[in-house]
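# Structural description and commentary
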Amino acid sequence: MTTTESLPSDIYAIADVHGRADLLEVMLGYIAAASSDHQSKPVVIFLGDLIDRGPYSPKVLDQVYSTLDLYPGSRLILGNHDFYLRELLRGALTHEDAVNWMDWGGVATVSAYSNRPVPDFENIAADIRRVFPHHADLLENALTFKEIGRFCFVHAGIRPGVQLANQSEYDLRWIRAGFLDHMDVFGHVVLHGHTITKSLRPEVYSNRIALDTGAYRTGRLSAAVIRRDELSHFVCTELTATGAIQVGEWRPD
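Residues numbered from 1 in each chain as written. Predicted model: local features only at pLDDT ≥ 70, side-chain atom pairs only at ≥ 80, totals over all residues. Heavy atoms only, no water.

### Some remarks on the packing of aromatic side chains
Aromatic rings considered in pairs are described by the distance between their centres and by the relative angle of their planes. Scanning the entire structure with this criterion turns up nine aromatic pairs. Taking 6.5 Å as the distance between ring centres and 40 degrees as the angle between the ring planes, the aromatic pair formed by tyrosine 84 and tryptophan 104 counts as tilted. Taken as a pair, tyrosine 84 in helix H3 (residues 80–90) and tryptophan 104 in helix H4 (residues 95–113) lie far apart in primary sequence, 20 residues in all. Tryptophan 104 sits in the partly exposed class, given a relative accessible area of 35%. By way of ring pairs, the aromatic residues Phe83, Tyr84, Trp101, Trp104, Tyr170 and Trp174 are connected into one cluster. The aromatic ring of tyrosine 205 is capped on one face by arginine 208, whose charged end is 4.0 Å from the ring centroid. (Phe/Tyr/Trp six-rings, centres within 6.5 Å; stacked < 30°, edge-to-face > 60°. Helix = DSSP H or I, 4+ residues; strand = E, 2+ residues; numbered from the N terminus. Buried < 20%, exposed > 50% of the residue type's maximum accessible area, 1.4 Å probe, protein only. Lys NZ or Arg CZ within 6 Å of the ring centre and 35° of its normal.)

Here it is in structure tokens:
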């Protein structure tokens, strides 16, 4: 039986970094300072889509790899964008997936990793495996979902009426219709990214918490803080008009 006493002191769920290593660096600094103040080690759950669109995807994977090593129990949930990079490194990227990936922001990622022209994917993959072997390990060890207490951490969402163990990997990484418009409760409160919120702030619903605030284009990266099996607050790192990055706690009305 899971009790609040057996849960991590603080769980941080971070969604859809999309290459914004600058925003993530400030977020991780906040987490380090907060855990020092509380004399505890948090668990950090990355909800996927570390890469693409933003400029610093390789650095983001380095940051995530180091964070998982620093805070035991922390995990990466594989996003639909991360899936394409994993398939590339496996040598299993299909032509259709490659075309979609490049259209959806993958050019920024492969260009950050290698100077080779697209679509020289075989040699691009070889470059990445040679210089960043730990990135392949990170993606291979990623989960499709994670349960902690009464919360479920996932990239896109879940299919209503289907047990977690029976969810398809495709739905966990891609679902929108059928999940976002589902008003009834699930077996867990679902924390997810994948779909940018209309408010560009974290949004709380009766059955889910939406955390994708469009970091790659809004300059705002968001995390939910779960404390003693309850939503405590949100943390947002934001690019200001002067080019500085500020961090602050935020609680919805």
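### Some points on the pairing of strand S5 (residues 151–154)
Both faces of S5 are covered, namely the face carrying Phe151 and Phe153 and the face carrying Cys152 and Val154. Bridge count for strand S4 (residues 145–148) against S5 is four bridges, and the pairing is antiparallel. Counted as the bridge partner of lysine 146 is phenylalanine 153 from S5. Taking the residues between adjacent antiparallel strands as the criterion, S4 and S5 are bridged by two residues, where glycine 149 takes a positive phi near 60 degrees. Looking at chain direction, S5 and strand S6 (residues 189–192) are connected through three bridges and run parallel. Across the sheet, residue phenylalanine 151 finds its bridge partner in S6, namely valine 189. (Pairing = 2+ DSSP bridges.)

### Looking at the pairing of strand S1 (residues 11–14)
Burial along S1 is two-sided: Ile11 and Ala13 facing one way and Tyr12 and Ile14 facing the other are all buried. The sheet contact formed by S1 and strand S2 (residues 43–46) spans four bridges and is parallel. From the neighbouring strand, alanine 13 faces S2, where its bridge partner is isoleucine 45. Between the parallel elements S1 and S2, the chain passes through helix H1 (residues 21–38) in a crossover that is right-handed. Pairing of S1 with strand S9 (residues 220–227), which is carried by four bridges, proceeds in the antiparallel orientation. Bridge pairing in S9 links alanine 13 to alanine 224. (Right-handed = clockwise from strand over helix to strand, strands pointing away.)

Function cannot be inferred from these measures alone, as they are strictly geometric.
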